[in-house]
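One letter stands for each residue in the lines below.
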Amino acid sequence: MPKLKLNSALTSVRGTLDGWVYKHYKADKRGLVLSRRPDMSQVRPSPAQLARRQLMREAGAFHRRVLKDPVLLKKYQAIARRRRINLSAATMGEVLRKK
């Protein structure tokens, strides 16, 4: 396997770019790993995955509703502050716990 020494502009790149996935591992000797983006077009999600995605959509919709309603916003900001979590975790967690 070839080894490269990257310039400073490329040492912190991560994510997906032009069909390639850039991963950066600091904890071990792999460093920057470059791989092709997987083709997920033939993969069919399971019924459980589809149900979870729907639940997350509902949680996101509830979060947006809280952001628009000043009374609910104040309530969930207090909850988030008390639990030391961010507002989206407080609102979306509320929906996820109920289901």
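Keep in mind that what you see is a predicted model, and the values were worked out from it rather than measured.

Visitor: Can you tell me about the overall build of the chain, naming the residues and giving the values?
Guide: Across its full length, the chain carries 3 helices and 3 strands. For the chain, the succession of helices and strands along the chain, N to C, is β-β-β-α-α-α. Here the chain, with 99 residues, has 20% of them falling under the buried criterion. Sequence-distant contacts, at least 24 apart, represent 27% of the contacts inside the chain between residues at least 6 apart.

Visitor: Which residues make up the nonpolar core, and what are the values?
Guide: What tends to happen in soluble globular proteins is that the nonpolar side chains get buried as a cluster. In this structure, Leu55, Ala59, Phe62, Val66, Leu73, Tyr76, Ile79, Ala80, Leu87, Ala90, Met92 and Val95 together form the largest nonpolar core, which totals 12 residues. Looking at this core, the elements that each hand over two or more residues are helix H1 (47-68), helix H2 (70-83) and helix H3 (87-98). When neighbours within four sequence positions are excluded, Tyr76 is seen to be in contact with Phe62, Val66, Leu87, Ala90, Thr91 and Glu94.

Visitor: Provide a residue-level description of the packing of H2 against H3, including the pertinent values.
Guide: For the pair H2 and H3, the least separation of the axes is 8 Å and the interaxial angle reads 100°. When the axis of H2 is compared with that of H3, the two are roughly perpendicular. Where H2 approaches H3, its residues Leu73, Tyr76, Gln77, Ile79, Ala80 and Arg83 are matched on the opposing element by Leu87, Ala90, Thr91, Glu94 and Arg97. Here the contact of H2 with H3 is composed, by residue class, of 6 nonpolar, 2 polar and 3 charged.

Visitor: Please provide a residue-by-residue account of the packing of aromatic side chains, values included.
Guide: Going through the model one piece at a time under the given rule, you end up with 1 aromatic pair. Arg36 extends its terminal NZ or CZ atom over the ring of Trp20, reaching a point 4.5 Å from the ring centre.

What counts as what
Residues numbered from 1 in each chain as written. Predicted model: local features only at pLDDT ≥ 70, side-chain atom pairs only at ≥ 80, totals over all residues. Heavy atoms only, no water. Helix = DSSP H or I, 4+ residues; strand = E, 2+ residues; numbered from the N terminus. Buried < 20%, exposed > 50% of the residue type's maximum accessible area, 1.4 Å probe, protein only. Contact = heavy atoms within 4.5 Å. Core = buried A, V, L, I, M, F, W, Y, C linked by side-chain atoms within 4.5 Å. Axes fitted to C-alpha atoms, helices over the stretch in contact; angles between N-to-C directions. Parallel < 35°, antiparallel > 145°, perpendicular 65-115°, else oblique. Nonpolar A, V, L, I, M, F, W, Y, C, P; charged D, E, K, R; others polar. Phe/Tyr/Trp six-rings, centres within 6.5 Å; stacked < 30°, edge-to-face > 60°. Lys NZ or Arg CZ within 6 Å of the ring centre and 35° of its normal.

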